[in-house]
Amino acid sequence: GDAVVPQGGNVTLRCYYRGGLYNFTNFTLYKDDRSHVPIFHSRIFQESFLMGPVTPAHAGTYRCRGSYPHSPTEWSALSAPLAIMVTGVHKKPSLLALPRPLVKSGETVILQCSSDIVFGHFFLHSEEIFEEPLHLVGELHGGGSQANYSINSTMSTLPGTYRCYGSVTHSPYVLSAPSDPLDIVITGKYEKPSLSAQPGPTVQAGENVTLSCSSQTSFDKYHLSREGEAYKLSLSAMPSINGTFQADFPLGPATHGGTYRCFGSFRIAPYEWSHPSDPLPVSVTGNPSRGWPSPTEPNSKTGNPRHLHVLIGTSVVMILFTIFFFLLHRWCSNKKSKHLRPPAVCWVLHMK
């Protein structure tokens, strides 16, 4: 088995018979790569050992050897290896579902882990499906790396929440942070619900829109998706007055349209959804920003205060310069009429 432990976290190790007849009274640990982890060196543990906070140095495979209760000096053979994978050391990769995470029964979906880091290994994990992370070999792709895993939806183990991790070749048990979680869902298990819009499928921009999903089937949850996007909302279903089970999705003020569908599911099988409702196109008319001045682009009525200050300042300077020029002209003319040699500035003034 494998244990996935975040860097700085703890993990409890216990040495026992798989038959569960008894735990060993005492046991000792061995690290397969023989790297030096001081706390394990020639140390005997009783019943269990809390290892942590773990660092990349703790990553690797371990085996244990136990002493029998009836014969404390007699040691067992070495156990099968246990991998301790330490996560959060490298930047997280991306995880995609191709062609989409909502899979019709009978379809095949490809899970693709990718990163701009060259990872030699990827590990795909789902707590609902795998006991231990699934090892995938990383392949070079566009300066980074990726790995694909194909699953057919007829397999009962398909739906669930997946994450993937990456590791470099020389340290396969030192993993990246997990990718963002990806829910893989099988659709088409139950009859489709109905989807409607209030106040209607065509609304004015800025008008509040609510989409209502309902069914005679007693679904526990409804899920709303928008075509062409990874957009998804989930709400609990509530019994309505007319005997149906309904959920109202408030979308808020309308900004742009789209085509919506909704699905129903039960609490006991959260990853198995109904057929989709009939598609509901929602269209938005008008432009909510029309007639409203932009904070960075004032309209002609208000003007820009900064530009107004510049305009006033320029006007004052021009008026002062005109007054100065007029007075200088009068002074130079006065000098000329008295037959005195005018200063050089007057010669410049009278040059043509």
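Residues numbered from 1 in each chain as written. Predicted model: local features only at pLDDT ≥ 70, side-chain atom pairs only at ≥ 80, totals over all residues. Heavy atoms only, no water.

Named according to an unreviewed UniProt entry, the chain is Immunoglobulin domain-containing protein originating from Piliocolobus tephrosceles. Of the chain, the UniProt comment under Sequence similarities (unreviewed entry) reads exactly: "Belongs to the immunoglobulin superfamily." The Subcellular location (unreviewed entry) field of the UniProt record for the chain holds the comment "Cell membrane". (UniProt positions renumbered as here; feature names shortened; annotations may be inferred.)

1. Regarding unusual backbone geometry
For the peptide bond that leads from Gly 52 to Pro 53, omega is -5 degrees, which places it in the cis range. Looking at where Pro 53 falls in the secondary structure, it is placed in the loop between strand E5 (48–51) and strand E6 (60–68). Looking along the chain, the bond that leaves Gln 198 and enters Pro 199 is cis, with omega of 5 degrees. Tracing the chain through its elements places Pro 199 in the loop between strand E19 (194–198) and strand E20 (202–204). The phi dihedral of Glu 47 falls on the positive side, at around 65 degrees, and the residue is not glycine. By the element assignment, Glu 47 lies in the loop between strand E4 (45–46) and E5. A relative accessible area of 55% means that Glu 47 is categorised as exposed. (Helix = DSSP H or I, 4+ residues; strand = E, 2+ residues; numbered from the N terminus. Buried < 20%, exposed > 50% of the residue type's maximum accessible area, 1.4 Å probe, protein only.)

2. Digging into the environment of Glu 131
Relative to the helices and strands, Glu 131 resides in the loop between strand E12 (121–125) and strand E13 (134–137). Each C-alpha atom of the pair Glu 131 and Ala 3 lies 9.6 Å from the other, and the pair is 128 residues apart in sequence.

3. Side note on the state of the cysteines
What the rule picks out here adds up to two disulfides. Sulfur-sulfur distance for the disulfide between Cys 15 and Cys 64 comes to 1.9 Å. Looking down the S-S bond of the Cys 15 and Cys 64 bridge, the torsion is 75 degrees, so its handedness is right-handed. Within this pair, whereas Cys 15 is found in the loop between strand E2 (11–14) and strand E3 (26–31), its partner Cys 64 is found in strand E6, the two being separated by 49 residues in sequence. The pair Cys 15 / Cys 64 is uniform in exposure class, with both members buried. One disulfide bridge connects Cys 213 with Cys 262, the sulfur atoms lying 1.9 Å from each other. (Disulfide = S-S within 2.5 Å.)

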